[in-house]
Amino acid sequence: MTKPVNPWAALSALCLGFFMILLDTTIVSIAIPAMLRELNAGLNAVVWVVSVYLLTYAVPMLFTSRLGDRFGPKRVFMAGLIVFTGASLWCGLSGTVEMLIAARAVQGLGAALMTPQTLAFITHLFPPAKRGPAMGLWSAVAGVATIVGPLLGGVLVDHLGWEWIFFVNLPVGLLALVLTMIQVPDWQPKHSHSFDLLGILLSGAGLFCLVFGLQNGQQYDWGKVTGPITVFEIIGAGVLLMAAFVLWQHFNRREPLLPLQVFANRNFSAGTLTSVTVGFAMTGMFLPMVIYIQSVLELSPTKAGLLTAPMSLLAGVVGAFVGRASDKFNGKYLVMIGLAGLAAGLGVFALQATVTTNPWALVPALLVCGIGIGFIFAPMSNVTMSSVEPRLAGTASGIFNTARQVGGVIGSAAIGVLLQARISAAMADHVAPQAALTTAAKETFVLPIAVLLLGIFAALAMRKTTPRTTAAPVEVAA
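Analysis parameters
For every chain, the first residue of the written sequence is number 1, and numbering continues from 1 onward in sequence order. Confidence filtering applies because this is a predicted model: local features only for residues at pLDDT of at least 70, side-chain atom pairs given and counted only at 80 or more, and all residues used for totals across whole chains, interfaces and linings. Each side-chain value is worked out from all heavy atoms of the structure, with water and hydrogens disregarded. UniProt positions are given in the numbering used here, feature names are shortened, and annotations may be inferred rather than shown by experiment. In this text, helices come from DSSP runs of H or I with a minimum length of four residues, and strands from runs of E with a minimum of two, each type numbered from the N-terminal end. Only protein chains enter the accessibility calculation, which uses a 1.4 Å probe. A residue is then buried if its area is under 20% of the maximum for its type, exposed if over 50%, and partly exposed in between. In this analysis, two residues are considered to be in contact whenever any of their non-hydrogen atoms come within 4.5 Å of each other. Here, nonpolar core refers to any group of buried Ala, Val, Leu, Ile, Met, Phe, Trp, Tyr and Cys residues whose side-chain atoms link them within 4.5 Å. Side-chain rings of Phe, Tyr and Trp (the six-membered ring for Trp) are treated as a pair once their centres are within 6.5 Å; stacked means planes under 30 degrees apart, edge-to-face means over 60, and tilted covers the remaining angles. Axis geometry follows a simple rule: fit a line to the C-alpha atoms, using only the stretch in contact for helices, then measure angles between N-to-C directions, giving values from 0 to 180 degrees. Crossings are sorted by hand: turned counterclockwise from the far helix by less than a right angle, the near helix makes the crossing left-handed, and turned clockwise it makes it right-handed. All amino acids are sorted into three groups, where Ala, Val, Leu, Ile, Met, Phe, Trp, Tyr, Cys and Pro are nonpolar, Asp, Glu, Lys and Arg are charged, and the leftover types, Gly among them, are polar.

The chain has the name Drug resistance transporter, EmrB/QacA subfamily in an unreviewed UniProt entry, where Amycolatopsis xylanica is given as its organism. Recorded in UniProt for the chain, the comment headed Sequence similarities (unreviewed entry) runs: "Belongs to the major facilitator superfamily. EmrB family." According to the UniProt record, the Subcellular location (unreviewed entry) comment for the chain is "Cell membrane".

Dropping the structure here:
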């Protein structure tokens with residue numbers, strides 16, 4: 001027997017798990033100053049707390065999207081939930097920054113198992129003509145997570161300690177697990193995939209070398225790391241390994257980890273490149289912003305969360321409406337508006353930032369950022385995924401999400417090293433500490449703004465899509 005599935009109930013259960021992943025990203029950002037103090041760690045070590053999560057999130061995602069195709073997205077999603085929730089407990093119990101980095105790495109693996117299954121389910125549960133509202137909900141969840149993260153994180157850090165930003169995942173994870181078991185169909189794509197182990201090794205090693213070299217270059221003064229090996233040799237090895245990975249994907253005739261034919265779809269290629277720029281900018285903007293707001297303007301974590309909350313709230317509200325609009329209007333123009341809005345908001349924020357700035361005078365710039373963010377995610381996802389062949393939906397979802405996370409990894413590393421370099425330069429000029437932090441933050445904002453402008457050109461290459469209106473009913477075995 002079969003029974004009808006309520007696609008919205010199923011999507012809501014999946015979005016709760018997705019919410020937890022995003023909550024953990026934003027909630028950690030607000031706790032960075034507290035971690036620096038209480039773990040007696042340097043800025044580079046704490047940046048690794050963010051970067052290692054993004055790295056282990058991004059690298060396995062092409063592989064984990066195949067796991068969903070082979071074993072069923074629901075089962076892989078639930079496995080990821082269990083890993084993520086258990087790793088959250090480990091994070092909270094960590095007494096050293098090294099232990100926290102290890103636990104965050106496992107957390108990223110859990111997130112990598114979960115994320116591709118969410119978008120794959122959207123393409124399965126909703127016909128193309130009705131995916132806009134579903135993408136709108138998905139985007140709104142991201143907005144709500146960015147609101148709740150800084151606010152909840154600020155309250156927890158102020159009153160209970162930074163450990164509780166991880167303990168809070170435990171009830172959310174358990175609730176998501178129960179709802180997924182009840183509401184989400186056990187859809188079985190039944191694709192008997194082989195796994196490209198060489199591709200996994202090449203891509204993982206290449207990304208690790210790139211991120212390690214970029215992020216730790218300042219620490220090693222861009223010279224020797226160990227023995228004769230230098231930072232630039234590690235970065236070069238990363239580039240060569242990634243080139244070897246792409247070459248192997250071209251010649252692997254069985255089942256490559258990254259099937260290059262999917263990039264023949266112009267919307268998918270342009271959308272994936274745009275996703276890289278968005279991941280870079282969104283991850284990169286928060287580190288200098290949080291350090292400036294808390295260390296220069298001296299706002300408590302709770303007040304810092306309140307300051308950024310209107311931006312996130314507006315992003316969630318706008319995202320819900322823009323998701324519906326992306327079915328009716330050319331989505332690429334909505335994405336371009338969003339990228340331009342986010343770049344403009346960051347630019348105004350950087351111009352306003354001084355040692356004596358009234359924190360609440362920054363709210364209008366943050367609201368412009370929020371509008372921009374709200375315009376980006378739903379139409380970008382809708383345009384990118386809507387013209388992908390159903391048989392490639394799982395793989396395409398993995399590539400698309402991996403692209404954003406790779407952008408985030410590189411953004412976190414690049415912004416971290418640039419911020420450290422600018423702080424060191426300002427201090428060498430005998431600038432007062434708060435003035436040095438302000439100057440460094442203002443100059444660091446230039447990088448995500450430049451990357452967002454590149455994203456506008458990438459989005460311009462997208463074509464208008466005409467949603468198909470036919471789809472088979474969604475059913476599941478009882």
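(A) Highlighting the environment of Ala10. With respect to the element layout, Ala10 can be found in helix 1 (residues 7–30). A relative accessible area of 0% places Ala10 in the buried class. Considered as a pair, Ala10 and Gln183 are 173 residues apart in the sequence and their alpha carbons are 5.0 Å apart. Contact partners of Ala10, with chain neighbours within four places excluded, come to Val5, Leu125, Gln183, Val184 and Pro185.

(B) Region of interest: the nonpolar core. Residues Met35, Ile165, Met285, Tyr292, Leu342, Leu346 and Phe349 are the most contacted members of the largest nonpolar core, which totals 131 residues. Of all hydrophobic cores here, the second largest spans five residues; its members include Val318, Val322, Leu334 and Phe375.

(C) Spatial organisation of the packing of aromatic side chains. By the definition in use, this model includes seven aromatic pairs. Pairing Phe263 with Phe268 gives two aromatic rings, centres 5.6 Å apart and planes at 55 degrees, and the pair type is tilted. Exposure remark for Phe263: the relative accessible area of 28% places this residue in the partly exposed category. Note on Phe349 and Phe445: the rings are 5.4 Å apart at their centroids and 70 degrees apart in plane angle, and the pair reads as edge-to-face. Residue Phe349 is found in helix 14 (residues 331–352), and its partner Phe445 is found in the loop between helix 17 (433–444) and helix 18 (446–460); the two are separated by 96 residues along the sequence. Judged by relative accessible area, Phe445 falls into the buried class, the value being 1%. In textbook terms, an aromatic cluster arises when at least three aromatic residues are bridged by ring pairs, as seen for Tyr53, Tyr57 and Phe84.

(D) Representation of the packing of helix 1 against helix 6 (residues 97–125). For the pair helix 1 and helix 6, interaxial distance at closest approach is 10 Å and the crossing angle is 150 degrees. By crossing handedness, the relation of helix 1 to helix 6 is classed as left-handed. Across from Pro7, Ala10, Leu11, Leu14, Gly17, Phe18, Ile21, Asp24 and Val28 in helix 1, the residues of helix 6 making contact are Arg104, Gln107, Ala111, Met114, Thr115, Thr118, Phe121, Ile122 and Leu125. The class makeup of the residues in the contact of helix 1 with helix 6 is 12 nonpolar, four polar and two charged.

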